[in-house]
Amino acid sequence: MPNLTRTEVLTDAQTHYCPGCGHGIIHRLVAEVIDELGIREKTIGTAPVGCAVLLYDYFNCDIIECAHGRPPAVATGMKRVQPDKIVFTYQGDGDLAAIGTSETIHAANRGENITVIFVNNAIYGMTGGQMAPTTLTGMFSTTSQDGRGEHGEGPPLKVCELLSSLEGVCYLERTAVSTPKDVISAKRAIKKAFQNQIDGKGFSLVEVLSMCPTDWKLSTAKAVDFVNNEMKTAFPLGVYVDRS
Amino acid sequence: MAEAAVQAGCRFFAGYPITPQNEVPEYMSKRMPQVGGVFVQAESEIAAINMIFGASAAGARCMTSSSSPGVSLKQEGISYIAAAELPCLIANMQRGGPGLGNIRASQADYFQAVKGGGHGDYRLIVLAPASLQELYNLTMNAFDWADYYRNPVMILGDGILGQMAEPVEILPYEPILELPEKDFVLDGCKGRKPRVVKTLILKPADGLIAHNEHLQEKYKRIESELSLCEEYQTTDAEIVIAAYGITARIAKGAVRMARAKGIAAGLIRPITLWPFPNEPFISAAKTASQMLVVEMSHGQFIEDVKLAVNGQCPVEFLGKGGGWYPTEEIILEKIESMAAASATAVKGKL
């Protein structure tokens, strides 16, 4: 039976996310997992710079807001000082795969015992639709107006594939929230990523392909189609590393 | 400095290799595990300062050290730490700049340390030791001031202090202040409401403007409570030298040599660069006929001296950047020429 009650972790703040945005679903999944594992009172989240910066408005647990791209470094300091606490980062594609690429790769390679929730919606949302490191080839953004790849932007950066070469990583999986089946699968992956940390197994990252109808300039229904038809082709779902 | 930090209870160190301060992370990499602490060699200066941000918010006494180009990279994190009012210690063993510069001693990061460096209106407590014993002692005090004021503290040293060897008495740590409880620490919300450490404050009037006013009030309080300075032979001094750090130690030798030659020289050596000790300069400007600022840069510290002196006394300058350092003889020569010019001027008046 699906859980239809409120989680203890999410506050009742009114959402600031746009209609059709995937963040609300992903927040809910993370909250359900924290609830089910009974770890709210020992969990510390790190908020990124980007649409999810206001994470602390929604999550009823300790949160530290970081500079753009720095959550894996901040989480490293946090977790090393308090190894008995559960530390997760929640980051978008610009945060994790552009300005914070270095922090991501090295935290992963050190095998930091943290959980990373990586929301990939292929666009800079908060700043108004600029090209992200994960923007698809040919895709319009306000800084790739002829489509990505026409003026030396290079192809999209594939985080799970990139990190899968690192021996220090425990668990990498790419999921989505564009169909009910995907949502269930994403929750299973997120739960596993938290359980790995509880078990002291090391760096776990769950990438979640997510919708951004506003900056994609698509209806909410067409944004779901875009994830299912375009993004899943460029970013195949699945488990990339599992050493748990 | 590293051992003083350990004695003071520092249990988290993150850093990145850069000359001339590598001895600090090297020492910490061995020492931290011995005392149950954590050493992380970060992938970058930016990561190192952000690890400090996390470790401080988690309640640890923590520090990072670097040298000029590395400290430039840390400025983003320093601004966030100051904005979030988290305690930590940052050491800068300054080297020649700008750019990659060189690895000789320098004092050209004065503006960066004292006036800002990162974005926004914030202040660091900045300490300038002139000997390794003082570096040891100030390092222990720095952790207390950081915790007491909930503010990052910077030790502004240089490549000479970073590389020299001299005897140091390893003193046990004793707190110099009654420290407040760390009620900001993120350690899970068991039995309390969740806490947030953040620096984004979107609302202006009752938000970011109020937060800035709160910070400024704290800085005013620090200015009124914390100011350290050494005065040497200033009571009857005609020519007062102003210098800090290792330069002041060299200048002290020059003062002795000048006195031996019958020139009434003295020295004011600020130990806190922020808050800047204005009072000794105000007093000296009334009694001395001239001042001389000596620094290993093309003139940064001199601006604060001139602000304190406020036109009440002429201020001469001796300094260069790029790895230049003054000898006692160079400073003495300058003192002698100032004394001679002064005598000529007096004769002219007669």
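Residues numbered from 1 in each chain as written. Chains lettered and ligands numbered in written order. Predicted model: local features only at pLDDT ≥ 70, side-chain atom pairs only at ≥ 80, totals over all residues.

## Here's the deal with the overall build of chain A
Logical step 1: In terms of helices and strands, chain A carries nine helices and nine strands.
Logical step 2: The globule rule puts the C-alpha radius of gyration for 244 residues at 18 Å, and the 17 Å found for chain A is close to it.
Logical step 3: For chain A, the spread of C-alpha atoms along the three principal axes comes to 50 × 40 × 30 Å.
Logical step 4: Contacts in chain A between residues at least 24 apart in sequence constitute 67% of all its contacts with a sequence separation of at least 6. (Helix = DSSP H or I, 4+ residues; strand = E, 2+ residues; numbered from the N terminus. Rg over C-alpha atoms; globule rule 2.2 N^0.38 Å. Contact = placed C-beta atoms within 7 Å.)

## What to know about the overall build of chain B
Logical step 1: A tally of helices and strands in chain B yields 12 helices and 13 strands.
Logical step 2: For 350 residues, the compact-globule estimate of 2.2 N^0.38 gives 20 Å, and chain B sits close to it at 21 Å.
Logical step 3: When contacts within chain B are restricted to residue pairs at least 6 apart in sequence, long-range pairs at least 24 apart make up 79% of them.

## Quick word on the sheet that holds strand S9 (residues 239-242) of chain B
All names here are of chain B.
Logical step 1: Read from one edge to the other, the open sheet built from five strands follows the order S8-S10-S9-S12-S13, with strand pairing classed as mixed. Since the sheet does not close on itself, it has two edges, and those belong to strand S8 (229-232) and strand S13 (315-319), each with one partner. The sheet shows a mean angle of 20 degrees between the axes of neighbouring strands, direction not considered.
Logical step 2: For S9 and strand S10 (residues 265-270), the ladder comprises four bridges, and the chain directions are parallel. Looking at S10, one finds that isoleucine 239 is bridged to alanine 265.
Logical step 3: On top of the sheet, helix H11 (residues 301-309) reaches S9, strand S12 (290-295) and S13; it is set at about 155 degrees to S12, its chief contact. (Pairing = 2+ DSSP bridges. Axes fitted to C-alpha atoms, helices over the stretch in contact; angles between N-to-C directions.)

## Quick notes on the pairing of S10 of chain B
Residues and elements named next belong to chain B.
Logical step 1: For S10, a buried count of six out of six residues is recorded, marking the element as mostly surrounded by other parts of the structure.
Logical step 2: Here S10 shows a buried face lined by Ala265, Leu267 and Arg269 and a second buried face lined by Gly266, Ile268 and Pro270.
Logical step 3: Of the strand pairs in this sheet, S8 and S10 are connected by four bridges, and their pairing is antiparallel. For cysteine 229, the partnering residue across the bridge sits in S10 and is proline 270.
Logical step 4: Note on the crossover from S9 through helix H9 (residues 245-260) to S10: the handedness is right-handed. (Buried ≥ 20, exposed ≤ 12 C-beta atoms within 10 Å, placed from the backbone. Right-handed = clockwise from strand over helix to strand, strands pointing away.)

## A look at the interface of chain A and chain B
Logical step 1: Facing 28 residues of chain A, the contacting portion of chain B comprises 32 residues.
Logical step 2: Broken down by secondary-structure element, the contributors of at least two residues to the side of chain A that touches chain B are strand S1 (43-47), strand S2 (62-65), helix H3 (71-81) and helix H5 (101-110) of chain A.
Logical step 3: When its residues are assigned to classes, the side of chain A that touches chain B shows 13 nonpolar, seven polar and eight charged.
Logical step 4: Alignment of S2 of chain A against strand S7 (residues 196-197) of chain B, held across two bridges, turns out to be parallel. Within S7 of chain B, the position partnered with isoleucine 63 of chain A by the bridge is valine 196 of chain B. (Nonpolar A, V, L, I, M, F, W, Y, C, P; charged D, E, K, R; others polar.)

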